[in-house]
Amino acid sequence: MADHDLRFIEEQFCSWGDTVHYNQPIRQFSRCDQFYLFDTAGNRYLDFQMVYSAANFGYQNGHFEQALTDQLRTLPQLASEYVTREKILLSQAIAQTAIAAWSTKGRVHFNVGGSQAIDDSLKLVAVNRGSRRVFAFEGSYHGRTIGASAITSSFRYRSRFGAFGERAHFIPFPYCFRCPYGKQRSDCELYCAKQVRRLFESEYQSIVDQRDNCSEFVAFYVEPVQGTGGYIVPPFDYFRELKKVLDEFNILLAVDEIQMGFFRTGRFWAIEHFGVAPDILVFGKSLTNGLNPLSGMWAREELIAPERFPPGSTHSTFGANPLGVRLGCATFDWLAGHDYATTVPSLGAYLVEGLKDVQARHPEIGDVNGLGLAVRVEMCYADKYTPNRDLAHRVKEAAMDTPVDTDVGPLRLILDIGGYHKNVFTLSPSLDINRGVIDCFLCIFEKVLAETKRKTV
Ligand SMILES: Cc1ncc(COP(=O)(O)O)c(C=O)c1O
């Protein structure tokens, strides 16, 4: 069937409620390999988005294919009241990352999809603190189920779906390039963290009852590096200051590692860069290299022990499904054979350096920054500050439509856009790229940017 016939069918029979129609026309792909996607006409695209950081270890990776095939041939499906060896071993492997990083014993609970795991973590908060009223950050994205939308900052995701009684209380994120308080990092002395503390000064700031030091908001959901918010890296001492306040008022730290976990930032968990230990940690995406929608949460023993979170507290038919947990084990095997703690920071620094070089020739790039291979390129007007959403979107489209000649043949680019003003390229290439691939990316990116600007004048 020809592509245009399929599109005609899509228009009539597919719901438009997902994000496919963000693209006009819609974009269809038929094949992938390593860091590349291929469309139905055979055009090759270098993917610097990798399923929103769910396919960190590359497409058609034989190691994961083998694990999947083995599981398919033995026990591919199983009712979730029963257990496989891999579920147990994967739980142990994840729990051991917390023992290694924070010397903290905990347990793991699986679900399907990041948003569902966020919902589970909200249940866990509720059973431990008697409430689901939580803090989250401006610019946060925790997913689009009803529960996760309530703690996701964008009102667009809530506005048409009724009242969200348990909507989070949103706190400004330390976004230094656009400091919400108009400060400069060089002399701000973490004014933003002080503003959080200020909320607890008296009951009239609306948060705390000082008679028993009880906060109305019982957990704080954080993305250590904001993902959809535009790959914003906070100052390295920010979370330590925040955690002091949380500890004083018995507020749980719930860390969303769904996008930044599994070495995206050069550490197993991104929060490891910031010197604080989570009470609850939520993960998904790259746990299975994007091959199965397995997600989950880890929590400190005290919070998730069976007497707190007894059988049946939450359940999904496909939670801990055998294919997913087998792939999760394959991820741990893969990680054991790779030194991402060394290679990812080095490749990330090389990419940032290359982008800064491009920035020197293009004032429309207001900010380049990153942590490991989570790299942001913030597009602005020529004043290097006013957000330029239009330019970012035209570059994204042009990158997909314009083949650029490279050493490996004509290539197009897949870019993702995030940010509070939808003007930030959030680059999340495969962790297995090399400097040659980065050079190739930089060459295409600059050519497309220059050509897009030329067409605008
Ligand atoms: C930080 C973060 N949390 C939660 C989610 C939601 O995960 P899912 O799309 O698997 O429901 C995402 C997805 O992009 C995310 O980046």
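None of these values were measured; they are calculated from a predicted model.

### Quick word on the domain arrangement of the protein
Split by domain assignment, the protein resolves into domain 1 (3-60 + 339-456) and domain 2 (75-336). On a C-alpha basis, the centroid separation for the pair domain 1 and domain 2 is 27 Å. Listed per partner, the contact involves 29 residues of domain 1 and 25 residues of domain 2. When contributions to the side of domain 1 that touches domain 2 are tallied by element, the ones reaching two or more residues are α2 (50-53), α11 (340-361), β13 (365-371), β14 (374-379) and β18 (424-427). No other element matches the five residues that α11 contributes to the side of domain 1 that touches domain 2. In terms of residue class, the side of domain 1 that touches domain 2 is made up of 16 nonpolar, 10 polar and three charged.

### What to know about the packing of α11 against helix α13 (residues 435-456)
Between two packed helices, what matters for the description is the angle formed by their axes and the separation of those axes. Interaxial distance between α11 and α13 falls to 10 Å at its minimum, and their mutual angle equals 25°. Taken together, α11 and α13 sit at an angle that is classed as roughly parallel. α11 and α13 meet at a crossing whose hand is right-handed. Residues Leu347, Tyr350, Leu351, Gly354 and Val358 of α11 lie in contact with α13, whose contacting residues are Arg435, Ile438, Leu442, Phe445 and Glu446. Here the residues of the contact of α11 with α13 sort into seven nonpolar, one polar and two charged.

### Regarding the site of the ligand
Taken together, 15 residues lie near the ligand, and Gly114, Ser115, Gly143, Ile258 and Gln259 sit nearest. No other element matches the three residues that helix α5 (residues 114-129) contributes to the shell around the ligand. Residues that form the shell around the ligand fall into these classes: four nonpolar, nine polar and two charged.

### Overview of the sheet that holds strand β17 (residues 417-418)
Read from one edge of the open sheet, four strands run β13-β14-β18-β17, paired in antiparallel fashion. Where the open sheet ends on each side, the last strands, each with one partner, are β13 and β17. Here four bridges tie β14 to β18, and the two strands are oriented antiparallel to one another. Bridging across to β18, Glu378 finds its partner in Val424.

### Description of unusual backbone geometry
Here the residue pair Gln24 and Pro25 is connected by a cis peptide bond, since its omega of -5° sits within 30 degrees of zero. With respect to the element layout, Pro25 can be found in the loop between α1 (3-13) and β1 (29-33). A positive phi angle, close to 50°, is found at Leu190, a residue other than glycine. Position of Leu190 among the secondary structure elements: in the loop between β6 (169-171) and α7 (191-198). In this structure, Ala320 is a non-glycine residue whose phi angle is positive, near 50°. Within the fold, Ala320 resides in the loop between α9 (301-304) and α10 (322-336). Take Ala320: there are 25 C-beta atoms within 10 Å of it, and that puts it in the buried class.

### Regarding α7
Buried residues of α7: Cys192, Ala193 and Val196, and no others. Mapping the buried residues of α7 onto a view down its axis gives an arc of 100°, with all of them on the same face. Check the buried side of α7 and you find it contacts β6 and α8 (238-248).

### Brief notes about the packing of helix α4 (residues 85-102) against α10
For the pair α4 and α10, the least separation of the axes is 9 Å and the interaxial angle reads 45°. Taken together, the axes of α4 and α10 lie oblique to each other. Viewed along their axes, α4 and α10 form a crossing whose handedness is left-handed. Residues Glu86, Lys87, Leu89, Leu90 and Ala93 of α4 form the contact with α10, whose participating residues are Pro322, Val325, Arg326, Gly328, Cys329 and Phe332.

### A closer look at the environment of Leu90
Position of Leu90 among the secondary structure elements: in helix α4. A count of 26 C-beta atoms within 10 Å places Leu90 in the buried class. For the pair Leu90 and Thr331, spaced 241 residues apart in sequence, the C-alpha separation works out to 9.6 Å.

### A closer look at the sheet that holds strand β3 (residues 44-47)
Read across the sheet, five strands follow the order β1-β2-β3-β16-β15 without closing on themselves; strand pairing throughout is mixed. The open sheet has two free edges, formed respectively by β1 and β15 (404-406), since each of these has just one partner strand. Put simply, the sheet's adjacent strands are angled 40° from each other on average, direction ignored. Pairing of β15 with strand β16 (residues 409-414) involves three bridges; the strand directions are antiparallel. Looking at β16, one finds that Asp405 is bridged to Pro410.

The rules behind these values
- Residues numbered from 1 in each chain as written.
- Predicted model: local features only at pLDDT ≥ 70, side-chain atom pairs only at ≥ 80, totals over all residues.
- Domains from an automatic or database assignment.
- Contact = placed C-beta atoms within 7 Å.
- Helix = DSSP H or I, 4+ residues; strand = E, 2+ residues; numbered from the N terminus.
- Nonpolar A, V, L, I, M, F, W, Y, C, P; charged D, E, K, R; others polar.
- Axes fitted to C-alpha atoms, helices over the stretch in contact; angles between N-to-C directions.
- Parallel < 35°, antiparallel > 145°, perpendicular 65-115°, else oblique.
- Left-handed = near helix turned anticlockwise from the far one by under 90°.
- Near = placed C-beta within 6 Å.
- Pairing = 2+ DSSP bridges.
- Buried ≥ 20, exposed ≤ 12 C-beta atoms within 10 Å, placed from the backbone.
- Arc of directions from axis to C-beta.

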